[in-house]
Amino acid sequence: MKTIETPVLIVGGAGCGLTSAIFLARLGIESWLVERYPTTSPAPKAHYLNQRTMEIFREEGLAHTIYGVSTPAENMARVGWYTSLGGNGELDRKTIHVMDAFGGNSLKETYERDSPCRAANYPQLRLEPLLLEHASTLPLAKLHYNHELQSFTQDQDGVTGIVLDRSNGETYQVRARYMIAADGGRMVGPALGIAMDGIDRLFDMVTCHFAADLSHTIDDDSLMIRWFINPEKGGSWGSGVMVALGPKHYDRHSEEWLLHFAFQPDDPAQFDEASVVPRLKDLLRLPKLQPKIIRMNNWKVQGVLARNYRAGRIFLAGDAAHRHPPTTGLGLNSAIQDAHNLAWKLAAVLRGQAADALLDSYEAERRPVASRNINWAMLTFQNHLVIDAGIGLIPGAPVEINREAFRLLFSDTAEGATRRQRLSEVIKTQRMEFQAHDTEIGFRYDSAAVIPDGTEPPPPSLMGDVYTAVARPGHRLPHVWLTQGDRRVSTLDLVGHGRFTLLVGPHDAEWREAAGGAAVASNAAIDVIAIGDGADYRDASGDWARLRGTDDQGAILVRPDGHVGWRTPTGGQAAQRGLVDALAAILGGKLKVGLAA
Ligand SMILES: Cc1cc2nc3c(=O)[nH]c(=O)nc-3n(C[C@H](O)[C@H](O)[C@H](O)COP(=O)(O)OP(=O)(O)OC[C@H]3O[C@@H](n4cnc5c(N)ncnc54)[C@H](O)[C@@H]3O)c2cc1C
């Protein structure tokens, strides 16, 4: 049997697998990616790319391309709840509530203050081909669609996968030092016997991807998501959620749309396309609509977390490691962020710069984040029931009672005004989902690859919306605009690209010497960047001096993934020796130059 040798075998060519191949290639590491289908998935699936993901794409040089083809900022500034798009009944075409979201309108200033990247909205069925095209330009990313991993074994030195080339029916063997299971949990995790803890099937969902001209029914182009709630269909999850899918327009003229419907797991109607189209027309109150159904997808809402992310030389990532409800849009974002966390660690070990122990920090860092994300997505999913209650819907009550609740809500009476006020107060709690700024960029890592500096984290944002910028070890380096000559540069632009970065004050000579010593001891490159008066980068706003938590003599060591690994509030010889120890500890222990994985 033919044998391919590769440093990393990647199983799955969707969001997680493709970004793993891209990030590894950028770091000079070859990978062999196998995807069982001939193309990327035609299912719309996820669409929201949060600011952290876009920062990662900015580092990769992809953010600009994505902004150029995805939803314009003005078309993703809000979300809304409506009774229907059409119809002339007394309760039809009513706006229940509209909320600023994803950094739009009232949120813009805060989101722009905290990141050089705005969030984006680009359906996964369009993002994956874009990632595939980009990955295809990277010679080290060896991409093999229509190739399926059939079985695998591992030993002390590597992983052996048996792959079927479905185009010709031939099997071949891939011998890799490491394997990333980005297979959505379909094969590798179950074969390893890794338990998935949590709720396996909360609801069944049907996603209906259709083409239709809805332009005559929509008069507000600022919304990215529309919920339809009416007394006949029950609450949020009994009704439907609609998103514009483009591809040319992401406003009322969107050519394609998706509608998610929830079904009870035992309801056979979910598998019957003929029953879903009438349901769609009925929900929107557009009886004459002739939607062209492009695709229907059945999927289940889960909240499950892999008990282990690592089994020897195999790592679970993306949906293989965690699957959550779509609320807050953390599925694809977490998958890409897993890949980003794992790639630099694998690269450092494969290059002989780090010990194997660094790879343990992948689970130690990403699993708690996934656990938090699952809980968050579950909570924000359930909170739609709070909105239903705010509207006055009583689950299981006769339709007439719920219809009366809607009538009262929209009535021009004192009670109507009180009910609308109650709803506006209740619905604000859904900022947990649509304004989840801290949940998206404020997460932090605690692991052996982070050296604590004795400071406490900022108080948690209980609703996940208030992000506090800190340069504390474990946190993502905060974004501050600096200047270099006439150029505006984000602190985030100074880090990454597979290198450690030491951010210091303007008098950098001693730190340069210390960084040189640390780099020799570990064989890992450290860029030293001086910020302040007279240095290459100036802090004209003073924001960096305010956030960094050091004086002008102190230093911050930023890991290749943009998270702070170590910080010293001030300088001096002990601090500079501390850098050598910190780097060695982050890289998995005391190292000898050229240590091989
Ligand atoms: C219908 C649907 C709607 C969704 N909506 C949302 C949403 O609105 N928001 C959100 O955040 N998330 C949503 N999600 C979840 C989101 O799409 C996932 O979190 C994301 O796709 C995870 O990416 P991944 O690459 O880890 O896994 P996947 O996208 O599942 O990709 C895994 C890939 O591995 C391949 N594969 C599996 N086994 C093998 C094998 N043995 N050999 C080779 N290849 C293999 C599969 O074919 C697949 O292409 C949705 C998911 C679905 C299914």
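Residues numbered from 1 in each chain as written. Predicted model: local features only at pLDDT ≥ 70, side-chain atom pairs only at ≥ 80, totals over all residues. Heavy atoms only, no water.

Requested: an account of the pattern of salt bridges, with residues and values cited.
Tallied over the entire structure, the rule returns 37 salt bridges. Among the salt bridges present, the one from Arg285 reaches Asp92, with a minimum N-O distance of 3.0 Å. Here Asp92 lies in the loop between strand E4 (78-82) and strand E5 (95-100) and Arg285 lies in the loop between helix H7 (273-284) and strand E15 (292-306), a separation of 193 residues in the sequence. In this pair, the class of Arg285 matches that of Asp92, namely buried. Through salt bridges with shared partners, one network takes in Glu90, Asp92, Glu232, Asp282, Arg285, Glu400, Arg403, Glu404 and Arg407. (Salt bridge = Lys/Arg side-chain N within 4 Å of Asp/Glu carboxyl O. Helix = DSSP H or I, 4+ residues; strand = E, 2+ residues; numbered from the N terminus. Buried < 20%, exposed > 50% of the residue type's maximum accessible area, 1.4 Å probe, protein only.)

Please give an account of the packing of aromatic side chains that cites residues and values.
The final tally for this structure, using the stated rule, is 13 aromatic pairs. Pairing Trp32 with Tyr172 gives two aromatic rings, centres 6.0 Å apart and planes at 75 degrees, and the pair type is edge-to-face. Linking Trp32 in strand E2 (residues 31-35) with Tyr172 in strand E10 (residues 170-181), this pair joins segments that are 140 residues apart in sequence. Both rings, one in Tyr178 and one in Phe315, keep their centres 6.2 Å apart while their planes meet at 45 degrees; by these two values the pair is tilted. In this pair, Tyr178 sits in strand E10 while Phe315 sits in strand E17 (residues 314-316), placing the two residues 137 residues apart along the sequence. (Phe/Tyr/Trp six-rings, centres within 6.5 Å; stacked < 30°, edge-to-face > 60°.)

Report on helix H8 (residues 331-350), specifying residues and quantitative values.
Compared with the 28 Å implied by 1.5 Å per residue over 20 residues, the 28 Å span of H8 between its first and last C-alpha is a close match. Taking burial as the measure, the 20 residues of H8 include 19 buried ones, the bulk of the element. One or two residues past the end of H8 sits Gly352, with phi positive at roughly 80 degrees. (Expected span 1.5 Å × (residues − 1).)

Pulling in residues and values, what's your account of the site of the ligand?
Taken together, 29 residues lie near the ligand, and Cys16, Glu35, Arg36, Gln124 and Asp319 sit nearest. Between Gly15 and the ligand, the recorded distance is 3.4 Å, taken from a backbone N or O atom to an oxygen atom. Between the ligand and the protein, one listed contact pairs an oxygen atom with a backbone N or O atom of Cys16 at 2.9 Å. Contact with the protein chains removes 92% of the 1,000 Å² of surface that the ligand exposes when unbound. Among the elements of the structure, helix H1 (15-26), E2, strand E8 (147-154) and H8 are those that each provide at least two residues to the shell around the ligand. Here the shell around the ligand is composed, by residue class, of 14 nonpolar, eight polar and seven charged. (Near = heavy atom within 4 Å. Polar contact = N/O pair within 3.5 Å; in protein donor to acceptor, adjacent residues only side chain to side chain. Areas by Shrake-Rupley, 256 points an atom, 1.4 Å probe, with all protein chains shown as cover. Nonpolar A, V, L, I, M, F, W, Y, C, P; charged D, E, K, R; others polar.)

Kindly report on unusual backbone geometry, identifying the contributing residues and their values.
Omega for the bond connecting Gly246 with Pro247 falls within 30 degrees of zero, at 10 degrees, which places this linkage in the cis form. For Pro247, the position within the fold is in the loop between strand E13 (240-246) and strand E14 (256-263). You will see that Lys45, though not glycine, has its phi angle at about 45 degrees, which is positive. With respect to the helices and strands, the residue Lys45 is situated in the loop between E2 and strand E3 (48-49).

Tell me about the packing of H1 against helix H5 (residues 124-136), residues and numbers included.
Between H1 and H5, whose axes approach to 10 Å, the crossing angle comes to 25 degrees. Judged on the interaxial angle alone, H5 and H1 are roughly parallel. For the crossing formed where H1 meets H5, the hand is left-handed. Within the contact between the two elements, H1 uses Gly15, Leu18, Thr19, Ile22 and Arg26 and H5 uses Glu128, Leu131, Leu132, His134 and Ala135. Tallied by class, residues from the contact of H1 with H5 come to five nonpolar, three polar and two charged. (Axes fitted to C-alpha atoms, helices over the stretch in contact; angles between N-to-C directions. Parallel < 35°, antiparallel > 145°, perpendicular 65-115°, else oblique. Left-handed = near helix turned anticlockwise from the far one by under 90°. Contact = heavy atoms within 4.5 Å.)

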